[in-house]
Amino acid sequence: MPEKLSGASELVQHRRMPKESKAVAIQKFQDALALHTAGQIADAQKIYHSISSQLRNLAPFWHFHGLAQFQTGDLKSATVCFKQALLLTPNDANCLNRFACVFLMEYRADDARRHLHHALTAAPDQPEAWRNLAEAERLNDDPVSERKLLKKALALRPDERTWRMSYVSVLNDLEQPEEALAAMRPLTGAAELAPVYFFQKARAHYDAFEASRAVLSYRKSLLLTPAAPPTLNNLQLVERRTGRMQDAVRSAERARLLDPGNPDLEHNFTDALLAAGEIERGQARNFWRHCKAEIRIERVGLPKAWDGTPCDDGKALLICQEQGIGDEIRFVSCIPDIQKRFRGPVILEADKRLVPLFARSFPDITVIEKRARSETMPSSADYSGSVAALHIGRHVMLADLPNHVRTSIADFPTHAGYLLPDSDEVRCWKNTFSANKHEQSVGLCWRSGMRRQGARHNYPTSTEIASLMTVGNFLPVCLQYDVSDSEIAAIQAISNRQLYLPRGIDQREELDRLAAMIAALDLVISPNTSVLMIAGAVGTPSIGLHSQCGAIFFGANADPWFPNECSLVKNGDRSWQPAVDEAVPHLIRMLEQAGR
């Protein structure tokens, strides 16, 4: 439906024009407005251009001439027209609002905001201005303010369906699924047939831990728009959370075929393959991770990539560091097998916090601190100096090590632990824990230090994990390095026990000492964090609280990287508390085994 052109009814009365030629121009302007309102913008523009010299002092003419230019994508001409209109009537709220739209199209949120605030000063109840102000906050990545402003716009115009769907979308962005589902209830009739309705409903169901209902809603959206890569991508993620691994592979493949070369879709297809146990296909595509913006690094001066053959020239193999601490700890488990296969000198690049731990654990290789990365996008690192000084002849990325030595579940070692913490440090921590008059000690962690959207699915809350402290007479040791005072108070109130906070250690920076402290524990309970990786790497028994059987499982029902881990999988149809409760009998059993 063409936009209703507000302000048009006052045109003739706006300014007196005694000359007959101007009266004719006004009539032509009225004709142009009728065409404009009917959606015939090109025909309206011809008239606007023909009468611009006669109506140069008529503000509404410049307003609607500018609107037509904006609607046809000529932002530069639209800007000229809107400025002229505002010179004549500086407080025209409609014109200020539409001029702000130009800035929004140019991603100039601050300029848009300035004009919209001016519009709302002139007309505080103009709903379009509140809606566009919300859009400016979206561009500024401020969903909290966007939600507030959309709510104001909807209060003034509650039947605006597209605005309501934007409101639902931002509620989903803020992970407020109950509010999102409630906001959708007024939508009836045609809105229920729109793909975006089912898309946003699926998002809300998923965040409400109703993944199976989310699957159904995504499929309804796809019935209406089958060629929708974002919907297919979201669907495969939820299908994986509900154990529909082959369905997820099909959905992920459809998404990347519809948008070939999209790094996120290509990488997600890789993950879907690995999670489904299609290891060979997944590993062959794992290079797509390097195209993702958050991972991509331009590495300069590296020699050729290793092809998996033994060393034949005496030059070293460089294993390049990538991704996070947990990834480093997981993938270095491949090094002993890489050494056997390469049969030459190996150099491992590592985060400086892990260098002493890795050097002690792998004495036959050289461990170096990772090269400095630039602050550009993408970041870059120059390896030419190291390559020359260390006689490096080939390189391999850390996360590509499994491609050579972990090509099936049978390739994973069955023994626990491969990293060697400092024995004196381990002894010190054991003495510290035993001094607290508990026979056993259990380390507790409940989330990653990196806060990302979707955390409610990946990590339990501190209050949910607190219920484990009521089981048995063990010392509960906090392994959450960024624990807050409010979290501590809530945990202790729920469990009626003191959470032991290790003193004299920076658990984020002193990772060698952290590994020793974890090695001194009888058990660790954690979701998929670096704490869980360290426990597995030093051989401490652990209970892993996983949100899904992810790509790292390689199609198995438990994490194959760490045989000492009891892997519990939440899946998408239940919240974390039942999954945490499921850990209770395993906690009792594993402590009994540790005490024998």
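Residues numbered from 1 in each chain as written. Predicted model: local features only at pLDDT ≥ 70, side-chain atom pairs only at ≥ 80, totals over all residues. Heavy atoms only, no water.

(A) Summary view of the overall build of the protein. Check the secondary structure of the protein and you find 29 helices and eleven strands. For the protein, the spread of C-alpha atoms along the principal axes amounts to about 105 × 60 × 45 Å. In the protein, which comprises 596 residues, the share counted as buried stands at 52%. Summed over all atoms, the accessible surface of the protein reaches about 27,400 Å², with 51% contributed by carbon and sulfur. Each charge sign in the protein was given a centre, from 70 positive and 71 negative side chains, and these centres are 4 Å apart. (Helix = DSSP H or I, 4+ residues; strand = E, 2+ residues; numbered from the N terminus. Buried < 20%, exposed > 50% of the residue type's maximum accessible area, 1.4 Å probe, protein only. Areas by Shrake-Rupley, 256 points an atom, 1.4 Å probe, with all protein chains shown as cover. Lys, Arg positive; Asp, Glu negative; His and termini not counted. Charge placed at Lys NZ, Arg CZ, Asp CG, Glu CD.)

(B) Layout of the pairing of strand β9 (residues 523–527). Taken across its five residues, β9 has five buried, putting it largely inside the fold. A two-sided burial pattern is seen for β9, the buried positions comprising L523, I525 and P527 on one face and V524 and S526 on the other. Taken together, the four bridges between β9 and strand β10 (residues 542–546) define a ladder with parallel strand orientation. Across the sheet, residue I525 finds its bridge partner in β10, namely I543. (Pairing = 2+ DSSP bridges.)

(C) Spatial organisation of the confidence of the model for the protein. This prediction gives the protein a mean pLDDT of 93; 96% of its residues lie at or above 70. In the predicted structure, residues 9–15 sits below a pLDDT of 50 and forms 13 contacts with residues beyond four places in sequence or in another chain. (pLDDT = per-residue confidence, 0-100. Contact = heavy atoms within 4.5 Å.)

(D) Spatial organisation of the packing of helix α5 (residues 75–88) against helix α6 (residues 93–105). Two numbers describe how α5 lies on α6: the axes approach to 10 Å, and their chain directions differ by 150°. Classed by the angle they form, the pair α5 and α6 counts as roughly antiparallel. Crossing of α5 over α6 shows left-handed handedness. Two secondary-structure elements touch here, α5 through L75, A78, T79, F82, K83, A85 and L86 and α6 through C95, L96, R98, F99, V102 and M105. Counted by class, the contact of α5 with α6 contains ten nonpolar, one polar and two charged residues. (Axes fitted to C-alpha atoms, helices over the stretch in contact; angles between N-to-C directions. Parallel < 35°, antiparallel > 145°, perpendicular 65-115°, else oblique. Left-handed = near helix turned anticlockwise from the far one by under 90°. Nonpolar A, V, L, I, M, F, W, Y, C, P; charged D, E, K, R; others polar.)

(E) Representation of the state of the cysteines in the model. By the definition in use, this model includes zero disulfides. No disulfide involves C81; its sulfur sits 9.6 Å from the nearest other cysteine sulfur, which is in C95. (Disulfide = S-S within 2.5 Å.)

(F) Highlighting the sheet that holds strand β11 (residues 565–569). Spatial ordering of the open sheet is given by β8-β7-β9-β10-β11, a layout of five strands whose pairing is parallel. Each edge of the sheet is formed by a strand with only one pairing partner; in this case those strands are β8 (475–478) and β11. Between one strand and the next, the sheet's axes are offset by a mean angle of 20°, whatever the strand orientation. When strand β7 (residues 441–444) meets β8, the two strands line up parallel, connected through four bridges.

(G) Main features of the side chain of Q507. On the secondary structure map, Q507 appears in the loop between α26 (485–495) and α27 (511–519). Judged by relative accessible area, which is 10%, Q507 ranks as buried. Among the polar contacts made by the side chain of Q507, one reaches the main-chain carbonyl oxygen of C478 at a distance of 3.1 Å. In this view, Q507 contacts C478, L479, Q480, Y481, P502, L514 and M517; residues no more than four positions away in its chain are not counted. (Polar contact = N/O pair within 3.5 Å; in protein donor to acceptor, adjacent residues only side chain to side chain.)

(H) Region of interest: the packing of helix α14 (residues 229–241) against helix α16 (residues 263–275). α16 packs onto α14 with a crossing angle of 25° between their chain directions and a minimal axis gap of 11 Å. On the basis of the axis angle, α14 is roughly parallel to α16. The handedness of the crossing between α14 and α16 is left-handed. On α16, the residues touching P229, N233, Q236 and R240 of α14 are L265, N268, D271, A272 and A275. Split by residue class, the contact of α14 with α16 holds four nonpolar, three polar and two charged.

(I) Structural view of the environment of N140. Topologically, N140 is positioned in the loop between α8 (127–139) and α9 (143–156). Distance in space between the C-alpha atoms of N140 and L587 is 46 Å, their sequence separation being 447 residues.

(J) Structural detail: the environment of L302. Tracing the sequence through the fold places L302 in the loop between β1 (297–300) and β2 (316–320). On the basis of relative accessible area, L302 is assigned to the partly exposed category, the value being 22%. Each residue touching L302, except ones within four places of it in the same chain, is listed here: L318, C320, Y383, V387 and H395.

(K) Broad picture of the sheet that holds β2. With parallel pairing, the four strands of this open sheet are ordered in space as β4-β3-β2-β6. The open sheet has two free edges, formed respectively by β4 (366–369) and β6 (392–397), since each of these has just one partner strand. Pairs of neighbouring strands in the sheet enclose a mean axial angle of 25°, with direction left out of account. Across the sheet, helix α19 (residues 335–342) touches β2, β3 (346–350) and β6, and the angle it forms with β2 is around 150°.

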